[in-house]
Amino acid sequence: VRTDDGLAVEHPTPGVWGRQNHTWLRITRVLRSLNLLGLPDEAQAFFALLTAIQAKIEPTTWGYWERAAGQRT
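Computed from a prediction, not measured in an experiment: that's the story for all the values here. (Residues numbered from 1 in each chain as written. Predicted model: local features only at pLDDT ≥ 70, side-chain atom pairs only at ≥ 80, totals over all residues. Heavy atoms only, no water.)

> Give me the lowdown on the overall build of the protein chain, citing residues and values where you can.
The number of helices and strands found in the protein chain is 4 helices and 2 strands. When the helices and strands of the protein chain are placed in sequence order, the string is β-β-α-α-α-α. Put simply, the protein chain has 73 residues, and 27% of those count as buried. Long-range contacts, defined here as pairs at least 24 residues apart, represent 49% of the contacts in the protein chain between residues at least 6 apart. (Helix = DSSP H or I, 4+ residues; strand = E, 2+ residues; numbered from the N terminus. Buried < 20%, exposed > 50% of the residue type's maximum accessible area, 1.4 Å probe, protein only. Contact = heavy atoms within 4.5 Å.)

Below is the structure:
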């Protein structure tokens, strides 16, 4: 959800974050696509939102998200 302060998750679904699933691959694709479409600010805003759940994400997946968001090479 977009708010005046940026992006926010209103009601995160526990099943999405409890274990690796296909949605996690979609997140990688969204981050990569935003950068490819010339929307790096939006990619960074989405990635910043994901940091709230970083502890629930396995390190390998987090690395994919970092690279897709342009956080590291």
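> Account for a positive patch on the surface, with residues named and values stated.
Among the surface-exposed residues, Arg26, Arg29, Arg32 and Arg67 lie close enough to one another that they form a single positively charged patch. Looking at the positive patch element by element, the count peaks at 3 residues for helix α2 (residues 22–36). Within the secondary structure, Arg32 sits in helix α2. Note on Arg32: relative accessible area 45%, which makes it partly exposed. (Patch = residues over 30% accessible without salt bridge, like charges linked within 9 Å, V, L, I, M, F, W, Y side chains within 5 Å. Areas by Shrake-Rupley, 256 points an atom, 1.4 Å probe, with all protein chains shown as cover. Salt bridge = Lys/Arg side-chain N within 4 Å of Asp/Glu carboxyl O. Lys, Arg positive; Asp, Glu negative; His and termini not counted. Charge placed at Lys NZ, Arg CZ, Asp CG, Glu CD.)

> Pulling in residues and values, what's your account of the packing of aromatic side chains?
Using the criterion set out here, one finds 3 aromatic pairs in the structure. Their ring planes at 70° and their centres at 6.1 Å tell us that Trp24 and Trp65 sit as a pair that is edge-to-face. With Trp24 in helix α2 and Trp65 in helix α4 (residues 59–69), the pair connects residues that are 41 residues apart, well separated along the chain. Take Trp24 and Trp65: they sit in the same class, and that class is buried. (Phe/Tyr/Trp six-rings, centres within 6.5 Å; stacked < 30°, edge-to-face > 60°.)

> Can you break down α2 residue by residue, with the values?
With 15 residues, α2 extends 21 Å from end C-alpha to end C-alpha; this agrees with the ideal 21 Å at 1.5 Å per step. Every buried residue of α2 is accounted for by Trp24, Ile27, Thr28, Leu31 and Leu34. Angular distribution of buried residues about the axis of α2 spans 135°; they occupy a single face of the element. Just downstream of α2 lies Gly38, where phi reads positive at about 80°. (Expected span 1.5 Å × (residues − 1). Arc of directions from axis to C-beta.)

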